[in-house]
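Here is how the chains run, residue by residue.
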Amino acid sequence: MNRTTAPHAPSLGELFLRFMQTSLSGFGGVTPFARRMLVEERRWLTDEEFADVMSLSQFLPGPNIVNITVCVGARFHGAKGALAAFAGLMCGPFVVVLSLGALYTHYRDLPAVSGLFRGLSAAAAGMVVALGLKMSASRRLRSAMAAFAVVTFLGVAVARLPLILILLGTAPLSVAASFWKRR
Amino acid sequence: MSDPALAQLAVDFSVLSLLAVGGAVTVLPEMYRSVVDVHGWMSGAQFAELFALAQASPGPNVLVVSLIGWKVAGLAGALVATLAISGPSCILTFVVSRIWQRFREAPWRMAVQDGLVPVTVGLMLAGGYLITLSADHSIAAFAVTAVTAAAVLATRIHPLWFFAAAALLGVGGLV
């Protein structure tokens with residue numbers, strides 16, 4: 001593959017540090033921050049390369065940003081690079097989130113703190129609802145394919161079936177329908 | 001700290017890692033089912049609070065599993081849960097990234113990706129539904145959820161502002 005990027009390939013330490021920095025500044029989703037760091041600031045990837053890494057990350061299971069991180073690390077330094085970038089991405093926020101968790105447990109009996117968390121939980125729920133609704137507007141749902149979304153929703157939210165059962169039921173059929181539509 | 005709980009976390013979250021089609025939010029309902037309904041490690045409201053904490057913190061949202069692990073089995077639990085949810089999907093990504101060029105343009109790859117969209121949407125809506133029911137116990141809380149959702153959809157205001165406003169309302173005893 002022709003690569004026209006990277007004035008210089010990042011070292012393991014650079015991968016670790018840059019991903020840590022990006023992830024610590026990434027509030028409400030790290031992916032946009034990662035794109036800016038990789039494409040605009042560091043120029044480790046071109047726009048197209050980032051889009052390619054993104055589509056692979058969305059294709060595979062797991063959080064997109066974690067998959068992006070592994071791909072970028074692997075691209076420059078193989079397994080070691082993937083590990084360094086992954087460790088950078090996770091370890092800063094891991095410490096932050098557990099520290100906040102400890103504070104929360106310690107003070108949750110105070111009325112102000114429990115009130116604060118009631119407020120935060122309600123807003124966080126709203127974000128998930130918005131994400132679901134935003135994705136429902138997808139072009140790919142403007143057809144009979146929407147039935148698979150409905151069945152999945154009912155199976156998970158109403159019938160409370162185990163995810164694996166639902167995925168085994170809906171995913172193969174949905175993918176088969178998508179194949180059939182393309183032909 | 002209990003070893004059976006650690007082992008259970010490791011197994012449950014490794015499986016979830018590979019089922020997380022479309023990202024961490026899609027396995028939220030299954031985490032809820034496992035942590036609250038099946039094992040009874042915490043209440044639904046606590047689950048919603050840990051999720052909120054992870055959302056309001058910097059970093060990937062998947063870190064909610066670190067908090068769940070920590071709540072269940074301390075620091076070891078946090079490490080085990082985080083590595084379990086990340087490990088399998090990371091290894092898969094690493095392997096596939098090496099051979100991606102061979103099939104990224106393949107029609108079957110796009111058909112699979114398109115076909116998973118409805119399932120992902122159903123899972124996300126279910127996650128929103130379940131987390132709303134566990135988080136909200138008053139009319140005011142439902143209103144905060146609804147306004148946040150509407151504002152995130154309709155405006156470009158950064159979500160952190162909504163968290164801040166909702167937190168203030170909560171501290172003021174209004175939610």
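Now for a look at the structure at hand. (Residues numbered from 1 in each chain as written. Chains lettered and ligands numbered in written order. Predicted model: local features only at pLDDT ≥ 70, side-chain atom pairs only at ≥ 80, totals over all residues.)

**Concerning the overall build of chain A**
- The helix and strand tally for chain A stands at seven helices and zero strands.
- For chain A, the α and β elements follow one another from N to C terminus as α-α-α-α-α-α-α.
- For 183 residues, the compact-globule estimate of 2.2 N^0.38 gives 16 Å, and the C-alpha radius of gyration of chain A, at 20 Å, exceeds that figure by more than 25%.
- Considered along the principal axes of its C-alpha atoms, chain A spans approximately 60 × 50 × 25 Å.
- Sorting the 183 residues of chain A into buried and exposed places 45% on the buried side. (Helix = DSSP H or I, 4+ residues; strand = E, 2+ residues; numbered from the N terminus. Rg over C-alpha atoms; globule rule 2.2 N^0.38 Å. Buried ≥ 20, exposed ≤ 12 C-beta atoms within 10 Å, placed from the backbone.)

**Section: the overall build of chain B**
- Tallying secondary structure elements over chain B gives seven helices and zero strands in all.
- When the elements of chain B are put in sequence order from the N terminus, they spell out α-α-α-α-α-α-α.
- Projected onto its principal axes, the C-alpha positions of chain B cover 55 × 45 × 25 Å.
- Out of the 175 residues in chain B, the part that is buried amounts to 56%.
- Intrachain contacts of chain B at a sequence separation of at least 6 include 58% that bridge at least 24 residues. (Contact = placed C-beta atoms within 7 Å.)

**Quick look at the interface of chain B and chain A**
- Taken together, the 89 residues of chain B in the interface contact 85 residues of chain A.
- Those elements that place two or more of their residues in the side of chain B that touches chain A are α1 (3–19), α2 (28–38), α3 (44–56), α4 (64–103), α5 (107–135), α6 (139–154) and α7 (159–171) of chain B.
- Among the elements that make up the side of chain B that touches chain A, the one with the highest residue count is α5(B) (25 residues).
- By residue class, the composition of the side of chain B that touches chain A is 57 nonpolar, 24 polar and eight charged. (Nonpolar A, V, L, I, M, F, W, Y, C, P; charged D, E, K, R; others polar.)

**Considerations on the nonpolar core**
- Within the largest apolar cluster, 113 residues are counted, with the highest numbers of intra-cluster contacts made by A:Ala85, A:Leu120 and B:Ala166.
- In terms of residue count, the dominant contributor to this core is helix α4 (residues 64–107) of chain A (16 residues).
- Sequence-distant contacts of A:Leu120, that is, excluding residues within four places in its chain, are made with B:Ala52, B:Ala56, B:Phe163, B:Ala166, B:Ala167 and B:Gly170. (Core = buried A, V, L, I, M, F, W, Y, C linked by C-beta atoms within 7 Å.)

**Considering α1(B)**
- With 17 residues, α1(B) should cover 24 Å at 1.5 Å per step; its first-to-last C-alpha distance of 24 Å lies within 8% of that length.
- When we look at burial in α1(B), the residues that qualify are B:Leu6, B:Leu9, B:Asp12, B:Phe13, B:Leu16, B:Ser17 and B:Leu19. Considered in projection along α1(B), the buried side chains sweep an arc of 155 degrees and stay on one side of the axis. Turned more than 90 degrees away from the buried face of α1(B), the exposed residues are B:Asp3, B:Pro4, B:Ala7 and B:Val11.
- Next to the buried residues of α1(B) lie α7 (163–182) of chain A together with α2 and α4 of chain B. (Expected span 1.5 Å × (residues − 1). Arc of directions from axis to C-beta.)

**Re the packing of helix α1 (residues 12–25) of chain A against helix α2 (residues 31–41) of chain A**
Residues and elements named next belong to chain A.
- It is at 9 Å that the axes of α1 and α2 come closest, and there the two elements cross at 145 degrees. Pair α1 / α2 crosses with right-handed handedness. Contact residues: Arg-18, Thr-22 and Ser-25 in α1; Phe-33, Ala-34 and Met-37 in α2.
- Taken together, the residues that form the contact of α1 with α2 break down as three nonpolar, two polar and one charged. (Axes fitted to C-alpha atoms, helices over the stretch in contact; angles between N-to-C directions. Left-handed = near helix turned anticlockwise from the far one by under 90°.)

**Brief notes about unusual backbone geometry**
Residues and elements named next belong to chain A.
- At Arg-43, a residue that is not glycine, the phi angle is positive and equals roughly 55 degrees.
- Along the polypeptide, Arg-43 turns up in the loop between α2 and α3 (47–59).
- Among the residues examined, Arg-43 registers 13 C-beta atoms within 10 Å and is labelled partly exposed.
- Phi at Arg-160 is positive, roughly 55 degrees, even though this residue is not glycine.
- When you line up the elements, Arg-160 lands in the loop between α6 (146–158) and α7.

**Describing α2(B)**
- For α2(B), every residue scored as buried is listed here: B:Leu28, B:Pro29, B:Glu30, B:Met31, B:Tyr32, B:Ser34 and B:Val35.
- Those residues of α2(B) that are buried are in contact with α6 and α7 of chain A together with α1, α3, α4 and α5 of chain B.
- The first or second residue beyond α2(B) is B:Gly40, which carries a positive phi of 60 degrees.

**Let's talk about the packing of α1(B) against α4(B)**
Residues and elements named next belong to chain B.
- Packing of α1 against α4 brings their axes to within 8 Å, and their N-to-C directions diverge by 35 degrees. At the point where α1 passes α4, the crossing takes the right-handed sense.
- Of the residues belonging to the contact of α1 with α4, the class tally is 16 nonpolar, seven polar and no charged.

**Some thoughts on the environment of A:Arg183**
All names here are of chain A.
- Tracing the sequence through the fold places Arg-183 in the segment after α7.
- Arg-183 gets classed as exposed once you count the C-beta atoms within 10 Å, which come to 6.
- Along the backbone, Arg-183 and Asp-109 are 74 residues apart, and their C-alpha atoms lie at a distance of 60 Å.

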